[in-house]
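Structure at a glance
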Amino acid sequence: MEPERRPQISDAAEETAQRELPGAVRVFFTVAWCSFLVASVATVLCFALVDPAPFADLSRTAAYSFGFLFFWVVCAMSAAVTAWMLNTPGS
Amino acid sequence: MDAEHTWIMNTSPKAVTETETDSYYEAHKKIYPREVKGRFATLRNLSVWVLLGLFYGMAWLHWNGRQAVLFDLPARKFYIFGLTLWPQDFIYLSWLLIIAALSLFFFTAVGGRLWCGYACPQTVWTEAFLWMERITEGDRSRRMKLDRAPWSLEKFARKSAKQALWIGFSVWTGFTFVGYFTDIHTLGLEVLGFNLGPWETFWILFYGFATYGNAGFLREQVCKYMCPYARFQSAMFDRDTLIITYDAERGEPRGSRKRGEDAKQRGLGACTDCTMCVQVCPTGIDIRKGLQYECIACAMCIDACDTVMDKMDYPRGLIRYTTQNSLEHKQAHVLRPRVIIYATLLALLTAGFIVSLALRKPVALDVIHDRNTLYRMTDDGEAENVYQLKIMNKDERPRRFHVTVSGSEDLKLEPENVFFDVGSGEVYNGAVRVRREAYEHTGQETIRFTITADDDPNLSASAESRFFAPTH
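Residues numbered from 1 in each chain as written. Chains lettered and ligands numbered in written order. Predicted model: local features only at pLDDT ≥ 70, side-chain atom pairs only at ≥ 80, totals over all residues.

1. Brief notes about the overall build of chain A
When helices and strands are counted, chain A shows 3 helices and 0 strands. Sequence-ordered secondary structure for chain A, helices as α and strands as β, is α-α-α. Considering only contacts within chain A whose residues lie at least 6 apart along the sequence, 71% involve residues at least 24 apart. (Helix = DSSP H or I, 4+ residues; strand = E, 2+ residues; numbered from the N terminus. Contact = placed C-beta atoms within 7 Å.)

As C-alpha cells, this is what we get:
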C-alpha cells in the first residue's frame, strides 16, 4: 500500500460507465424487496400457528414454499399499489 | 433532538441525491475497494473466518445421532443440540428474536455500527467475494485497468475464473442453507444422485442466486438502499456512541508533503491527502467529510490511515474510533441512561429466557370436553362425561402416562386406571370417561386432569375442564 501516486479519488467515478436503472425497474426492485421481507415474516408466523399437512394434498415443504410465494405475491401487490398511488401526479 | 444530532439523523438517501436528479437513487458507480492490512482488517478477517466457518461447518455437525442444528421444517421440529423445539414453543423463537433485536440496540448505542462492520452477513459474504475477485482479477488498480481494457483472452479468462468461483461458492452456500432445513446428508446424497426434489432445487438456487447478487454485485448498495437497520440505527446513537471519525482539528489543512518535511512550517495539518482512506472504503465515501449514513463502520480507513501515519512518523489515530463528546474535548460517558436501560432489559430478558427454557416441561396436556353430549346417565344413576385428552410428548423418548382426575370426592375415571403410551414427539389423542353421583344441588364443577409419566413422577402436566351433571 504505497501512497506513491497523486490522489485519484474520482478514478472509479470517471472511468467506469455509470449505470443508472430506469425508474420502473427501481420501483420493481423496491417493491420486490420490501414485500420479500414482509412475506418472510408472514410465512414464519403463519406456519408456526398452522400446520398445513392436514389441509393440503402436498408435502409440507411444498406447502411452505407455496405459502411463501403466495405471501410474496400478495405483499407485492400491496406494495405495488402503494408505489403506484405515490407516483400518481398530484399526490 | 439537538442540532448536532441532525447530521447523523439525516440518513435518507433522498436527502443526498434529490437535489441533482430528483430521484431516490444515486447513479451507481462501481466501487473498487483497495485491500488493506491492519488491526481492524485482521479482526474482520477473523470474524469472517469464524462466522463463515460456523455457517458452513455447523450443518455437518452431529449430536446424539442426528444433525446438531436442524430446523426440520418437513417434520415441524427444531433441533438445536440437546434441545428440541415444537411449533408450540414458538414463543421461545419470538423471545430469542426480541433478545437479538435488543442486543443490536445495545451494541449500537455503545459501539456504533459494529454489526455492520464485522458481523453482518452482507459484510461477511462481500469480503469473501472480494477475496475471490482479488485472486482472479488482481488488486484495486489491476481490477480498474481490467475493466477499462477491451476484451482480450486474458480478460475473458480472469472474468470467467471469477464467475466460476462466485457461482460455485454461491451454490454451495445455497446448498448449506437448505441443509439447515432438511437433513444435509440426505440432501447431499440427493444432489449426488441427481434426484433432488423440485423445492429443494428451487431453494438452493434461490438462496445461491441471492448470495451471488448481494455479495457479488449489489454489495454496498444493499447497505445504502435495502437495509432497514441502516435506516434506523442512527436513532440509537448519541454523543457518546463510538463512531469512526476523522480528526479535522488535527488533520486540516490537508496537503501533500515529503517525508520528514516540517508540516507546521508549511502550515499543514497531519492529513497528507493521500486518499488511502477513500480508496479502501467499501461504500466509496470520504470519511473526512464527516460521519455519513453510508459508513458501515468497517474501520478500513483507520487501518489505511494508521499505515500512512506510521510511514510519516506521525502519531496514529488521525482517523479513529472515538465519540462526538471526546472529539469536542468533553466528558465521555460510557454508562448513560440509554445504555443502562438497554442493558437492564437485555439482562432481564436473557435471564428469563434461560430460566423458562430450563424449566420447560417436555410434556403438555390439553383437555376438550366431548362436544356432542354434555353428560350421560348410567344405569347406576351416575352422571358420565367424556373428554378428549391431547397429550404432547416433547421428550426425546417415548413415555407412558398415567391419568388421574381430581374434583369432588367421588369423582372417578372409568376404567379407574388409564394409561397412554405416547411416542417421542407425538401428539396423542385419547378419550377418557369420568363418572360421579348426580347430586341434586351441585350441577357442574371444574375438574382437573393430571398426567404423570410412569417412570418419572416429576414429569407431569395438568389441565382443567368442566364436569356436567343434571341440576333439577
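On we go from here.
2. Points about the overall build of chain B
Each helix and strand counted, chain B has 17 helices and 16 strands in total. The C-alpha atoms of chain B give a radius of gyration of 32 Å, which is well past the 23 Å a tight globule of 472 residues would have. Dimensions along the principal axes, computed over C-alpha positions, put chain B at roughly 110 × 60 × 45 Å. For chain B, the residues scored as buried account for 25% of the 472 residues in total. (Rg over C-alpha atoms; globule rule 2.2 N^0.38 Å. Buried ≥ 20, exposed ≤ 12 C-beta atoms within 10 Å, placed from the backbone.)

3. Examining the packing of helix α6 (residues 121-137) of chain B against helix α10 (residues 198-218) of chain B
All names here are of chain B. Packing of α6 against α10 brings their axes to within 8 Å, and their N-to-C directions diverge by 75°. One element, α6, and the other, α10, form an angle in the roughly perpendicular class. Residue-level contacts link Gln 122, Trp 125, Thr 126, Ala 128 and Phe 129 of α6 to Thr 211, Asn 214, Ala 215 and Gly 216 of α10. Split into classes, the residues belonging to the contact of α6 with α10 amount to 4 nonpolar, 5 polar and no charged. (Axes fitted to C-alpha atoms, helices over the stretch in contact; angles between N-to-C directions. Parallel < 35°, antiparallel > 145°, perpendicular 65-115°, else oblique. Nonpolar A, V, L, I, M, F, W, Y, C, P; charged D, E, K, R; others polar.)

4. Topic: the sheet that holds strand β16 (residues 456-467) of chain B
Residues and elements named next belong to chain B. An order of β13-β11-β15-β16 is seen for the 4 strands of this open sheet, with the pairing classed as antiparallel. For this open sheet the edge positions go to β13 (418-422) and β16, each flanked by a neighbour on one side alone. The average angle at which neighbouring strand axes cross in this sheet is 25°, direction not considered. Where strand β11 (residues 399-406) meets strand β15 (residues 445-453), 6 bridges bridge the pair, whose relative direction is antiparallel. Bridging across to β15, Ser 406 finds its partner in Arg 448. (Pairing = 2+ DSSP bridges.)

5. Re unusual backbone geometry
With glycine set apart, most residues show a phi of negative sign, and most peptide bonds adopt trans. All names here are of chain B. Following Glu 252, the chain continues into Pro 253 via a peptide bond in cis, with omega recorded as -5°. You can see Pro 253 is positioned in the loop between α13 (248-251) and α14 (276-279). The omega torsion across Glu 414 and Pro 415 is -5°, close enough to zero to call that bond cis. Positionally, Pro 415 belongs in the loop between β12 (412-414) and β13.

6. What about the nonpolar core?
Side chains of nonpolar character tend, in soluble globular proteins, to be buried together. Residue and element names in this part refer to chain B. In this structure, Ile 244, Cys 277, Met 300, Cys 301, Ala 304, Cys 305 and Ile 319 are the most contacted members of the largest nonpolar core, which totals 40 residues. For this core, the secondary structure elements donating two or more residues are α6, α10, α11 (220-226), β6 (243-246), α14 and α15 (300-312). With 6 residues, the single largest contributor to this core is α15. Each of domain 1 (3-60 + 112-236) and domain 2 (243-327) contributes no fewer than three residues to this core. The contacts of Cys 301, once residues within four sequence positions are left out, are Ile 244, Cys 277, Val 280, Cys 281, Ile 287 and Ile 319. Among the nonpolar cores identified, the runner-up in size contains 15 residues, and Ala 383, Phe 401, Phe 449 and Ile 451 belong to it. (Core = buried A, V, L, I, M, F, W, Y, C linked by C-beta atoms within 7 Å. Domains from an automatic or database assignment.)

7. Quick word on the domain arrangement of chain B
Residue and element names in this part refer to chain B. Assigned domains within chain B: domain 1 (3-60 + 112-236), domain 2 (243-327) and domain 3 (363-467). Computed over C-alpha atoms only, the centres of domain 1 and domain 2 are separated by 27 Å. Counting residues per element, the ones that place at least two in the side of domain 1 that touches domain 2 are α1 (6-9), α3 (39-58), α5 (114-119) and α11. Element by element, the count of residues in the side of domain 1 that touches domain 2 is highest for α3, at 4 residues.

8. Structural notes on α10(B)
Along its 21 residues, α10(B) runs 28 Å from first to last C-alpha, staying within 8% of the 30 Å computed at 1.5 Å per residue. Residues of α10(B) that are buried: Trp199(B), Glu200(B), Trp203(B), Ile204(B), Gly208(B), Thr211(B), Tyr212(B), Ala215(B) and Gly216(B). In this fold, the buried residues of α10(B) make contact with α3 (60-87) of chain A together with α6, α8 (153-178) and α9 (184-192) of chain B. Following α10(B) by one or two positions, Arg219(B) has its phi on the positive side, about 45°. (Expected span 1.5 Å × (residues − 1).)

9. Describing α6(B)
Owing to its 3.6 residues per turn, the α-helix aligns residues three or four sequence positions apart on the same side. All names here are of chain B. Taking 1.5 Å per residue, 17 residues should reach 24 Å; α6 reaches 23 Å between its end C-alpha atoms and fits that length. Of the positions making up α6, those classed as buried are Thr 123, Val 124, Trp 125, Thr 126, Glu 127, Phe 129, Glu 133 and Glu 137. For α6, the elements touching its buried residues are α3, α5, α7 (140-148), α8 and α10. Positive phi shows up at Gly 138, right after α6, with a value of about 95°.

10. Concerning the confidence of the model for chain B
All names here are of chain B. For chain B, per-residue confidence averages 87 on the pLDDT scale, and 93% of positions sit at 70 or higher. Note that pLDDT drops below 50 for residues 1-23; the model gives that stretch 19 contacts with residues more than four away or on any other chain. In the model output, the complex is listed with pTM 0.79 alongside ipTM 0.73. (pLDDT = per-residue confidence, 0-100.)

11. What about the sheet that holds strand β5 (residues 83-85) of chain B?
Residue and element names in this part refer to chain B. What the 3 strands build is an open sheet, ordered β3-β4-β5; its pairing is antiparallel. Of all strands in the sheet, those with a lone pairing partner are β3 (69-72) and β5, marking the two edges. Pairwise comparison of adjacent strand axes, ignoring direction, gives a mean angle of 15° for this sheet. Across 4 bridges, the pairing between β3 and strand β4 (residues 77-80) is antiparallel. Across the sheet, residue Val 69 finds its bridge partner in β4, namely Ile 80.

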